[in-house]
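Coordinate analysis (summary)
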Amino acid sequence: VLTYVLIALLGYFAMRSIGRTYERRLESQVLERTRELESAHAQMLHKTRLATIGQTASVLTHEMRSPLASIKLFLSGLKGSAGLPDRARRRVELVLGEVDRLEGLLSDSLDYVRPIKLSAEPVDMDRLLSQVLKQQEPLMKQKALGVRRRTCPDCPALRLDQPQMYQVLLNLLNNAVEASPRGGEIGVSLVHQGEELVVEMTNGGDPLDAATLERAFEPFFTTKPKGTGLGLGLARRVTEEHGGRVSFSTDPGSLTRVSLRLPLRRP
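Just so we're clear, the structure is a prediction, and the values are computed from it rather than from any experiment.

1. As for the overall build of the chain
From N to C terminus, the chain includes six helices and five strands. Taken from the N to the C terminus, the helices and strands of the chain come in the order α-α-α-β-α-β-β-α-α-β-β. Taking the intrachain contacts of the chain between residues at least 6 apart in sequence as the baseline, contacts between residues at least 24 apart amount to 73%. Of the roughly 16,900 Å² of accessible surface on the chain, a fraction of 57% belongs to carbon and sulfur atoms.

2. Some thoughts on unusual backbone geometry
Positive phi is not limited to glycine here, since A144 has a value of about 55°. Counting through the fold element by element, A144 comes out in the loop between α3 (125-142) and β1 (146-150).

3. Describing the side chain of K143
By the element assignment, K143 lies in the loop between α3 and β1. Here K143 occupies a buried position and makes no salt bridge, while the nearest side chain of opposite charge, E178, is found at 8.0 Å. Those residues within four positions of K143 in sequence are excluded, and the remaining contacts are V177, E178, S180, R182 and G183.

4. Thoughts on helix α6 (residues 231-241)
Within α6, burial applies to L232, G233, L234, A235, R237, V238 and T239. In the segment just after α6, G243 is the residue with positive phi, at about 85°.

5. Comments concerning the environment of R159
Within the secondary structure, R159 sits in the loop between β1 and α4 (162-179). Accessibility expressed as a relative area gives 46% for R159, which makes it partly exposed. Placed 36 residues apart in sequence, R159 and V123 show a C-alpha to C-alpha distance of 5.9 Å. Not counting residues up to four positions away in its chain, the partners in contact with R159 are L118, S119, A120, P122 and H242.

6. Re the packing of α4 against α6
For the pair α4 and α6, the least separation of the axes is 9 Å and the interaxial angle reads 135°. Viewed along their axes, α4 and α6 adopt a mutual orientation that is oblique. The interaxial crossing formed by α4 with α6 has left-handed handedness. Side by side, α4 and α6 meet where Q164, M165, Q167, V168, N171, L172 and N175 of the first sit next to G231, L232, L234, A235, R237 and V238 of the second. Looking at the contact of α4 with α6 residue by residue, the class counts come to seven nonpolar, five polar and one charged.

7. Looking at a nonpolar patch on the surface
A cluster of nonpolar side chains, contributed by V1, V5, L6, L9, Y12 and F13, occupies part of the molecular surface with about 640 Å² of accessible area. Here V5 lies in helix α1 (residues 2-79). The class for V5 is partly exposed, based on a relative accessible area of 40%.

8. Here's the deal with the sheet that holds strand β3 (residues 196-203)
On the basis of which strands lie adjacent, the open sheet formed by five strands has the order β1-β2-β3-β5-β4 and mixed pairing. At either margin of the open sheet sits one strand with a lone partner, and together these are β1 and β4 (245-250). Across the sheet, the mean angle separating the axes of adjacent strands is 15° when strand polarity is ignored. Pairing geometry for strand β2 (residues 185-193) and β3, over eight bridges, is antiparallel. Following the sheet pairing, G187 is matched in β3 by T202. Against the sheet, α4 engages β2, β3 and β5 (256-263), with an angle of about 25° to β3.

Parameters and conventions
- Residues numbered from 1 in each chain as written.
- Predicted model: local features only at pLDDT ≥ 70, side-chain atom pairs only at ≥ 80, totals over all residues.
- Heavy atoms only, no water.
- Helix = DSSP H or I, 4+ residues; strand = E, 2+ residues; numbered from the N terminus.
- Contact = heavy atoms within 4.5 Å.
- Areas by Shrake-Rupley, 256 points an atom, 1.4 Å probe, with all protein chains shown as cover.
- Buried < 20%, exposed > 50% of the residue type's maximum accessible area, 1.4 Å probe, protein only.
- Lys, Arg positive; Asp, Glu negative; His and termini not counted.
- Salt bridge = Lys/Arg side-chain N within 4 Å of Asp/Glu carboxyl O.
- Axes fitted to C-alpha atoms, helices over the stretch in contact; angles between N-to-C directions.
- Parallel < 35°, antiparallel > 145°, perpendicular 65-115°, else oblique.
- Left-handed = near helix turned anticlockwise from the far one by under 90°.
- Nonpolar A, V, L, I, M, F, W, Y, C, P; charged D, E, K, R; others polar.
- Patch = residues over 30% accessible without salt bridge, like charges linked within 9 Å, V, L, I, M, F, W, Y side chains within 5 Å.
- Pairing = 2+ DSSP bridges.

Structure (structure tokens):
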């Protein structure tokens, strides 16, 4: 009897152990499949959003660019009139500014959905960063901003969409300049880490809260009064289509950092 009881107990515990192992394996497989489905769903939503933005941008560009150009031409001529009162001139300048903003929104929308075209020749990222810094130099001088630059002469060149990547770097640097306090410092670095090139930009100013960090790369999300919310979305799309990734973070010392990682070999 004792032998049968012991055999039964051992069998019970053995089956229980086997059952728990099977349950854990099954739960792991379910979680893995759930993550795959969530990822596929997120990609589908992202592609749907891109298609919607592309169709909307095409229609708006076709219907609005000609009228906007006519309005801008007329107002520019009116602004140059000798007999125009100062109050009316200020109103014309205000309307011209809004026309420029609408044209910028149309351009940003088209840039956001423009397909990636890899360059025939590899691109020197150090040189590309220098071009971006040169373009923003007047604005940085206006705010008396210093630049802490870390170059990478030995970094390998990459095959990428140079105009699109230039626009991404320009958007990121422009955000850093706008967020920096007057007399502050902007850090720009390029380093070679393993199988990646890493571009980092840092700036001072007010730290970003958790909600902003989480939604920073969503299309049309912006904290600027007149922002389009497409600049960072373009940065994420272009970076991911090159096989890389981009992220935001805020250090305890109120230092905001954006990191752009590009693989040496595009998957």
